[in-house]
Amino acid sequence: MSDFLKTLLSLSLSGTLLTLLLLLLKQLYKNRFGKCWQYYIWLAVALRFLLPFAPVHTPVNTLFRAAETTVTGSLPNPTANQTMQPQPEPATALPVEEHTDIPATHPAKTDAPLWNAHKISACIFYAWLLAAIWMFLRSSLAYRRFVRYIRTEGTMVSDIHMLNLLAKCKEKCGIRRPVELYCLPHPASPVMTGFFHPCIAIGSSRFGDSDLVFIFMHELTHYKRRDLIYKWLIRTVVCVHWFNPFVRLLEQETGKACELSCDEAVIRSLNKEEKTAYGNTLLLCSKANLCPTGASSSLTLTEGAKQLKERLGAIMNEQKKNKKQRWLPLLLQPESVLALP
């Protein structure tokens with residue numbers, strides 16, 4: 001096994017162990033830490049899948065060294081066999097005639113198993129490389145087709161009122177880069193796309209002003225945090241470790257944590273009525289049809305009924321948490337209640 005394949009398997013195994021560890025501890029930290037922390041903790045797992053930097057004495061490296069020792073010990077050692085055999089006593093020196101037609105010995109026969117091992121490693125490496133490149137190119141082409149679909153099939157919004165709402169949301173988020181706004185010809189979930197030329201695409205559904213503000217704030221929060229780069233980092237992990245089924249689980253968990261943390265950032269400054277209206281906006285957008293192929297590489301507002309239920313539950317929990325925080329100072333300082341007029 002070549003050093004590269006050994007490193008790749010080591011990264012895949014250690015990343016899988018971290019993924020399973022976070023999933024086992026999820027019920028413990030789910031309601032104790034913020035959604036933003038739960039989102040970025042998966043970045044450490046993604047980097048573990050990609051970066052081959054680790055201490056020498058780790059369980060994974062110990063496992064590989066033990067396997068190599070076992071395989072090496074099971075192979076015959078011709079040098080040891082020669083040393084163990086009794087050496088014949090030297091005979092009387094006889095005149096030796098030179099024979100030029102005696103064939104020379106070929107020690108290459110003893111290197112045949114090693115050559116076959118290198119050949120198998122090379123075949124495995126090229127198979128992995130072709131599959132990884134094919135998956136990455138497939139995702140990239142789908143993303144480019146989706147961006148081209150938005151800019152060709154969609155219509156750039158020229159309504160002054162909607163553009164003013166977008167400008168106010170950009171100012172609130174502290175974004176100065178121009179953000180284009182497109183309207184798709186069919187009902188679709190709002191989506192943010194574009195690394196260098198960001199644009200927001202909304203469906204043909206009728207949205208009120210409050211719905212548009214919530215949609216813009218949600219998508220602009222994605223852009224401000226560079227969630228699209230994060231999402232493509234996870235996609236790179238999936239392409240590199242395509243043979244590992246747990247990277248799909250990593251991608252799924254990261255996507256859910258991304259939307260939950262974005263919701264938390266948006267509703268942090270909202271009151272109870274506005275949080276309820278934000279939840280209604282999520283329900284309204286969930287009724288729209290999904291975007292075409294390639295939208296999975298972008299940042300959509302809603303991604304399935306099961307995830308929507310979890311996001312609405314998180315909004316309700318945030319309301320309860322704020323209610324407890326409102327009454328907590330009064331419980332700690334009861335004299336302040338008596339001082340109220």
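Residues numbered from 1 in each chain as written. Predicted model: local features only at pLDDT ≥ 70, side-chain atom pairs only at ≥ 80, totals over all residues. Heavy atoms only, no water.

**Describing helix H10 (residues 272–286)**
Relative to the 21 Å expected for 15 residues at 1.5 Å per residue, H10 spans 21 Å between its end C-alpha atoms, a close match to the ideal helical length. Looking at H10, one finds that the buried residues are Lys275, Tyr278, Gly279, Thr281, Leu282 and Cys285. Along the axis of H10, the buried residues cluster in a sector spanning 150 degrees; they form a single face. Turned more than 90 degrees away from the buried face of H10, the exposed residues are Lys272 and Glu273. The N-capping residue of H10, defined by a side-chain oxygen 3.3 Å from the backbone nitrogen of Glu273, is Asn271. (Helix = DSSP H or I, 4+ residues; strand = E, 2+ residues; numbered from the N terminus. Expected span 1.5 Å × (residues − 1). Buried < 20%, exposed > 50% of the residue type's maximum accessible area, 1.4 Å probe, protein only. Arc of directions from axis to C-beta. Polar contact = N/O pair within 3.5 Å; in protein donor to acceptor, adjacent residues only side chain to side chain.)

**Remarks on empty space enclosed by the protein**
Taken as a whole and judged by the stated rule, the model has one cavity of 30 Å³ or more. Of the volumes computed, that of the largest cavity is approximately 130 Å³. Residue assignment for the lining of the largest cavity shows that the elements contributing at least two residues are helix H1 (3–29), helix H2 (35–50) and helix H9 (246–267). When residues in the lining of the largest cavity are grouped by element, the largest group, four residues, is from H9. (1 Å grid on protein atoms, 1.4 Å probe; cavity = no way out; pocket = protein on both sides within 12 Å on 5 of 7 lines; lining within 4 Å. Points joined across faces, edges and corners; volume = space filled by probe spheres on them.)

**Details of the pairing of strand E4 (residues 199–202)**
Residues Cys199 and Ala201 line one face of E4 and the alternating positions Ile200 and Ile202 line the opposite face, and both faces are buried. Here strand E3 (residues 191–193) runs beside E4; their pairing, made up of three bridges, is antiparallel. Each residue of the ladder has a partner; that of Met192, found in E4, is Ile200. Counted between consecutive antiparallel strands, the loop separating E3 from E4 contains five residues, among which Gly194 sits at a positive phi close to 100 degrees. (Pairing = 2+ DSSP bridges.)

**Topic: the packing of helix H6 (residues 160–173) against helix H7 (residues 209–224)**
Relative orientation of the contacting elements H6 and H7 amounts to 45 degrees, with a least axis distance of 9 Å. With respect to each other, H6 and H7 are oriented oblique. Classified by chirality, the crossing of H7 by H6 is right-handed. Contacts between H6 and H7 involve His161, Met162, Leu165, Leu166, Cys169, Lys170, Lys172 and Cys173 from the first element and Asp209, Leu212, Val213, Phe216, Met217, Leu220 and Lys224 from the second. For the contact of H6 with H7, the class distribution of residues is ten nonpolar, one polar and four charged. (Axes fitted to C-alpha atoms, helices over the stretch in contact; angles between N-to-C directions. Parallel < 35°, antiparallel > 145°, perpendicular 65-115°, else oblique. Left-handed = near helix turned anticlockwise from the far one by under 90°. Contact = heavy atoms within 4.5 Å. Nonpolar A, V, L, I, M, F, W, Y, C, P; charged D, E, K, R; others polar.)

**With respect to unusual backbone geometry**
A positive phi angle, close to 60 degrees, is found at Arg226, a residue other than glycine. Along the chain, Arg226 turns up in the loop between H7 and helix H8 (227–240). For Arg226, a relative accessible area of 44% gives the class partly exposed.

**Concerning a nonpolar patch on the surface**
A cluster of nonpolar side chains, Leu18, Leu21, Leu24, Leu25 and Leu28, forms an exposed patch at the surface whose accessible area comes to about 470 Å². The topology assignment puts Leu24 in helix H1. When its relative accessible area of 69% is taken as the criterion, Leu24 is described as exposed. (Patch = residues over 30% accessible without salt bridge, like charges linked within 9 Å, V, L, I, M, F, W, Y side chains within 5 Å. Areas by Shrake-Rupley, 256 points an atom, 1.4 Å probe, with all protein chains shown as cover. Salt bridge = Lys/Arg side-chain N within 4 Å of Asp/Glu carboxyl O.)

**Observations regarding the pattern of salt bridges**
In total, this model carries six salt bridges according to the counting rule given. With a closest N to O distance of 4.0 Å, Arg268 and Glu264 form a salt bridge. The exposure class of Arg268 is exposed, given its relative accessible area of 56%. Taken together, the salt bridges that share partners define one network made up of Lys26, Glu253 and Lys256.

**Remarks on the packing of aromatic side chains**
Taken as a whole, this structure holds 14 aromatic pairs when the rule is applied. Measuring from centroid to centroid gives 4.8 Å for Tyr39 and Tyr40, while their planes differ by 50 degrees, and the two rings are tilted. Between the aromatic rings of Tyr40 and Tyr230, the centroid separation amounts to 6.0 Å while the plane-to-plane angle is 15 degrees, which identifies the pairing as stacked. Here Tyr40, found in helix H2, pairs with Tyr230, found in helix H8; they are 190 residues apart in sequence, far enough to count as distant. (Phe/Tyr/Trp six-rings, centres within 6.5 Å; stacked < 30°, edge-to-face > 60°.)

**Focus: the environment of Asp211**
Position of Asp211 relative to the elements: it lies in helix H7. For Asp211, a relative accessible area of 15% translates into the label buried. In sequence terms Asp211 and Asn280 are 69 residues apart; their C-alpha atoms lie 8.5 Å from each other. Filtering out sequence-adjacent residues up to four positions away, Asp211 remains in contact with Thr281 and Leu284. For Asp211, the side chain forms a polar contact with the side chain of Thr281, separated by 2.7 Å.

**Let's talk about the nonpolar core**
In this structure, Leu181, Ile200, Leu212, Phe216, Leu220 and Tyr278 are the most contacted members of the largest nonpolar core, which totals 28 residues. Contributing elements (two or more residues each) for this core: H6, E4, H7, H9, H10 and helix H11 (305–332). Take this core: its biggest share by element is seven residues, from H7. Those residues in contact with Leu181 that lie beyond four places of it in its chain are Thr155, Met156, Val157, Met162, Leu163, Leu166, Ile200 and Phe216. Counting residues in each nonpolar core, the second largest holds 17 residues, with Val45, Phe49, Tyr230 and Leu250 among its members. (Core = buried A, V, L, I, M, F, W, Y, C linked by side-chain atoms within 4.5 Å.)

**Points about the packing of H2 against H8**
Two packed helices can be described by the angle between their axes and the distance between those axes. Interhelical geometry of H2 versus H8 gives an angle of 35 degrees and a closest axis separation of 10 Å. Pair H2 / H8 crosses with left-handed handedness. Across from Tyr39, Tyr40, Trp42, Leu43, Ala46, Phe49 and Leu50 in H2, the residues of H8 making contact are Asp227, Tyr230, Leu233, Ile234, Val237 and Val240. Of the residues that constitute the contact of H2 with H8, the class distribution is twelve nonpolar, no polar and one charged.

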